Amino acid sequence: MNVVEASDLGKRYGGTWALRDCTLEIPAGRVTALVGPNGAGKSTLLNLTVGLTAPSAGAVTVLGGLRAGSPAALDGIAFVAQDTPLYKTLSVADMIYITRSLNRGFDTAYARARLDELGIPPTRKAGKLSGGQQAQLALTLALARRPLLLVLDEPVAMLDPIARHDFMATVLAAATDDGVSVLLSSHVLTELERVADYLVLLARGQVRLAGAVDHLLASHGQTSLEELAMAYLREQPPAVTR
Amino acid sequence: MTALTRPARPDSGDTRLRPVPWRRMAGVTWRQHRFALAGAAVLLGALAVWLWIIGTPLHHAYAAAIACHPASSAACQDLVGNFNGINDLLAGATTPGGVFLQLVPVLIGAFAGAPVLARELETGTFRYAWTQGFGRWRWALGKLVLLAVVLAAATGACGVVVSWYYQPYFGSVNQALGLDQISPLVILFSLRGLAFPAWTVAAFVIGALAGMLIRRVVPAIVATLAVYAGLAVAAAGFLREHYLTPVTTSSANVPGTGWIISQWWTKDGRFAFAGSPPMNLINQFCSSPPSGQGKPSQGTFAQCLAQHGYTMWTSYQPASRFWPFQRIEGGWLLALSALLIAATVWLVRRRAA
């Protein structure tokens, strides 16, 4: 099963294409890194995947052929948006209540245990938590929905190194222990090195490179994800066949 | 780090999903909007208590005045004067109290309605709300309908107290006894009966739509106040008097509870003039008061002109039309609100992130 399938997918805002001619298959059971410079179309591709926005051209399906944004797709995908938006005036317990109410399945016991372990008190207002705690709360709420696919948009961009490490450890645990497919975007490559085993490289609204990390490294003679990505972003050669 | 040991999804492979139940929206809406709802409850509660406090002596004074016999006695006239003198604050739509009362629907509507969507868009939390399993258009519809129903119930209850307060002014015996009398179709019509909840819901929905279009809370509140003011002025100034065809009469005894729309005069079956008699006509026929002394009143001019072959016509809306008018106004406001809710939900559904 492919968790994301895009064919000739495009999105235009006004006169400019944020994403165009995107044809892509992301297999299930992977931690996929969506990499590219600012303005490359990463957020646009993720917003299309979670159904927040509709394509201008082409089509995108998720979780083995479901229309992005359809009820079944919403049910199976958990999304943590950029800057981890939360209702700042609500308590942590209220955020748990609201997320549980808005979804068919929600593992309250998991959410409580996880937040307890992180030292996040349920009575604290979400807006009073540190940046790292807010990110962890958003991630915990997403994982407690027991998603098939977890989508994260620039999840660590605003976090300090320790918070980044802790956040990525949680993501990796979900992927390895529970088989959750993960799709995360970032322009910070070093954070992805440890966790990603599948890479999609975007630049100027187009897919430059896509494939399993070990396969890509072997076929391009590079030793690290960062070197591979940098080489492609500098030269911007045409997309290779997968 | 604890292992994320979680049970397998019980419904894996189940392609026919049952949607998240609508009733779950109740708790979500309450947690997100409890401050707005509590604010509305405090405002309406304070208003009801205040009306009760100032309304109780008014009702007592009215009961004493109409129970007094004989009506022409000095003691009774004192009681009538007592009742007529009690009501400065709220007797008219343009008194300070009346103006404040007329702001209540739009204050509640704008401050509860504008943030519902604007705050989500302003802070980015729509990316959270619209990607939950509930579904974004259901989320918007559930929230708007629920809040509208709660606000309608609260303002409907408060409207009963407003109606109670003004009841003494609508008595049919008032005119004969010299007690102040007001048409129930005129005095704060939009704050009684069905109209109060209908106007509040309309303001709330205008606020929600403005928030969806403008995407910022404060400008959306300002836009709501402006649009509502235009709608309220149009309804009170132009629309309301046309709900039903006015009754036209040439009798001089138009009931004091009637809402007079216009007056004009005819002579020999032809239109003579509208409104008050022009000065030249008065000077020609009625330069000296027909009988007795003292300042001539409108009534003495009317008698004088009638003697010279003029007939006064009055078109008015009788007080008995209060409920038909309430149903018409409540009906079109609720239809408008339903239309605006549909438009808002449609915008939520199609809006690009």
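Residues numbered from 1 in each chain as written. Chains lettered and ligands numbered in written order. Predicted model: local features only at pLDDT ≥ 70, side-chain atom pairs only at ≥ 80, totals over all residues. Heavy atoms only, no water.

1. Focus on the interface of chain B and chain A
- Contact residues are listed per partner, giving 40 residues for chain B and 45 residues for chain A.
- Across the chain B to chain A interface the summed buried area is about 3,800 Å²; carbon plus sulfur atoms make up 57%.
- Where chain B touches chain A, the interface holds two salt bridges.
- Residues Asp94(A) and Arg31(B) are paired through a salt bridge, measuring 3.1 Å at the closest nitrogen-oxygen approach.
- Summed over the shared surface of chain B and chain A, the number is 15 residue pairs in polar contact (both at pLDDT 80 or more).
- Elements represented by at least two residues in the side of chain B that touches chain A include exactly helix H1 (24-67), helix H3 (96-123), helix H4 (126-129) and helix H5 (136-166) of chain B.
- No other element matches H1(B), which puts seven residues into the side of chain B that touches chain A.
- Partitioning the side of chain B that touches chain A into residue classes produces 18 nonpolar, 11 polar and 11 charged. (Contact = heavy atoms within 4.5 Å. Buried area = accessible area lost by both parts, 1.4 Å probe. Salt bridge = Lys/Arg side-chain N within 4 Å of Asp/Glu carboxyl O. Polar contact = N/O pair within 3.5 Å; in protein donor to acceptor, adjacent residues only side chain to side chain. Helix = DSSP H or I, 4+ residues; strand = E, 2+ residues; numbered from the N terminus. Nonpolar A, V, L, I, M, F, W, Y, C, P; charged D, E, K, R; others polar.)

2. Describing the pairing of strand S4 (residues 57-62) of chain A
All names here are of chain A.
- One ladder, built from five bridges, connects strand S1 (residues 2-13) with S4; its direction is antiparallel. The residue of S4 that forms the bridge with valine 4 is valine 62.
- In terms of strand pairing, S4 meets strand S5 (residues 66-67) through two bridges, oriented antiparallel. Bridging from a neighbouring strand, valine 62 pairs with leucine 66 of S5.
- In this structure, the hairpin formed by S4 and S5 is closed by a connection of three residues, where leucine 63 is found at a positive phi of approximately 50 degrees. (Pairing = 2+ DSSP bridges.)

3. Regarding the sheet that holds strand S2 (residues 16-27) of chain A
Residue and element names in this part refer to chain A.
- Taking strand neighbours across the sheet as the criterion, the four strands line up as S2-S1-S4-S5 in an open arrangement whose pairing is antiparallel. Single-partner strands in this sheet number two, and they are S2 and S5.
- Bridge count for S1 against S2 is eight bridges, and the pairing is antiparallel. For leucine 9, the partnering residue across the bridge sits in S2 and is cysteine 22.

4. Considerations on the state of the cysteines
All names here are of chain B.
- Inspection of every chain in the model, using the stated rule, returns one disulfide over all chains.
- Note that cysteine 68 is cross-linked by a disulfide to cysteine 76, the S-S spacing being 1.7 Å. On the sign convention where negative is left-handed, the bridge of cysteine 68 and cysteine 76, at about -90 degrees about the S-S bond, is left-handed. The residues cysteine 68 and cysteine 76 share a single accessibility class, namely buried. (Disulfide = S-S within 2.5 Å. Buried < 20%, exposed > 50% of the residue type's maximum accessible area, 1.4 Å probe, protein only.)

5. Comments concerning the sheet that holds strand S4 (residues 310-317) of chain B
All names here are of chain B.
- A sheet is described by the order of its strands in space; here four strands give the open sequence S1-S4-S2-S3, paired in antiparallel fashion. Each having just a single partner strand, strand S1 (247-249) and strand S3 (270-274) make up the two edges of the open sheet. Adjacent strand axes in the sheet meet at a mean angle of 30 degrees when their direction is disregarded.
- As paired elements, S1 and S4 share three bridges and run antiparallel to each other. For threonine 248, the partnering residue across the bridge sits in S4 and is serine 315. (Axes fitted to C-alpha atoms, helices over the stretch in contact; angles between N-to-C directions.)

6. Re helix H3 (residues 92-101) of chain A
- Counting buried positions along H3(A) yields seven of 10 residues, so the element is predominantly enclosed.
- For H3(A), the full list of buried residues reads Val92(A), Asp94(A), Met95(A), Ile96(A), Ile98(A), Thr99(A) and Ser101(A).
- Residues of H3(A) that are buried make contact with helix H4 (108-117) and helix H5 (131-144) of chain A together with H1 and H4 of chain B.

7. Concerning the domain arrangement of chain B
All names here are of chain B.
- Each assigned domain of chain B is listed here: domain 1 (22-245 + 321-350) and domain 2 (247-319).
- Listed as interface residues are 16 residues of domain 1 and, on the opposing side, 11 residues of domain 2.
- The junction of domain 1 with domain 2 conceals about 1,000 Å² of combined surface from both sides, 56% of it contributed by carbon and sulfur atoms.
- Three residues, Leu185, Glu241 and Arg321, lead the burial of domain 1 against domain 2; their summed loss comes to 43% of the area buried on that side. (Domains from an automatic or database assignment.)

8. Remarks on a nonpolar patch on the surface
Residue and element names in this part refer to chain B.
- On the surface, a nonpolar cluster with roughly 330 Å² of combined accessible area is contributed by Val49, Trp52 and Ile53.
- Here tryptophan 52 is to be found in helix H1.
- Given the relative accessible area of 54%, tryptophan 52 is considered exposed. (Patch = residues over 30% accessible without salt bridge, like charges linked within 9 Å, V, L, I, M, F, W, Y side chains within 5 Å. Areas by Shrake-Rupley, 256 points an atom, 1.4 Å probe, with all protein chains shown as cover.)

9. Considering the packing of aromatic side chains
Residues and elements named next belong to chain B.
- As enumerated under the stated definition, the model contains 16 aromatic pairs over all chains in all.
- Between tryptophan 22 and tryptophan 137, the ring centres sit 6.4 Å apart and the planes meet at 70 degrees, which makes this aromatic pair edge-to-face. In this pair, tryptophan 22 sits in the segment before H1 while tryptophan 137 sits in helix H5, placing the two residues 115 residues apart along the sequence.
- Its relative accessible area of 33% is what places tryptophan 137 among the partly exposed residues.
- Ring geometry for phenylalanine 189 against phenylalanine 322: centres 5.8 Å apart, planes inclined by 80 degrees, an arrangement best described as edge-to-face. Here phenylalanine 189, found in the loop between helix H6 (174-177) and helix H7 (195-214), pairs with phenylalanine 322, found in helix H11 (residues 322-350); they are 133 residues apart in sequence, far enough to count as distant. Residue phenylalanine 189 shares its accessibility class with phenylalanine 322, and that shared class is buried.
- Grouped by ring-pair contacts, the aromatic residues Tyr62, Phe83, Tyr165, Tyr166 and Tyr169 constitute a single cluster. (Phe/Tyr/Trp six-rings, centres within 6.5 Å; stacked < 30°, edge-to-face > 60°.)

10. Some thoughts on the pattern of salt bridges
- Throughout the structure, instances matching the rule amount to eight salt bridges over all chains.
- A salt bridge links Lys42(A) to Glu154(A); the shortest N-O distance between them is 3.7 Å. Of this pair, Lys42(A) sits in helix H1 (residues 42-49) while Glu154(A) sits in the loop between strand S7 (149-153) and helix H6 (161-178), and the two are 112 residues apart along the sequence. Per residue, the accessibility class of Lys42(A) equals that of Glu154(A), and both read buried.
- Each member of the salt-bridge network shares a partner with another, and the members are Asp94(A), Arg31(B) and Arg34(B).

11. Quick notes on the confidence of the model for chain B
All names here are of chain B.
- In the predicted model, chain B carries a mean pLDDT of 87, and the fraction of residues at 70 or more is 89%.
- Contacts for the low-pLDDT stretch residues 1-8, under 50 throughout, to residues beyond four places or in other chains number 24 contacts.
- This stretch, residues 290-295, has a pLDDT under 50; its non-local contacts, to residues over four places away or in other chains, come to three contacts.
- In the model output, the complex is listed with pTM 0.90 alongside ipTM 0.93. (pLDDT = per-residue confidence, 0-100.)

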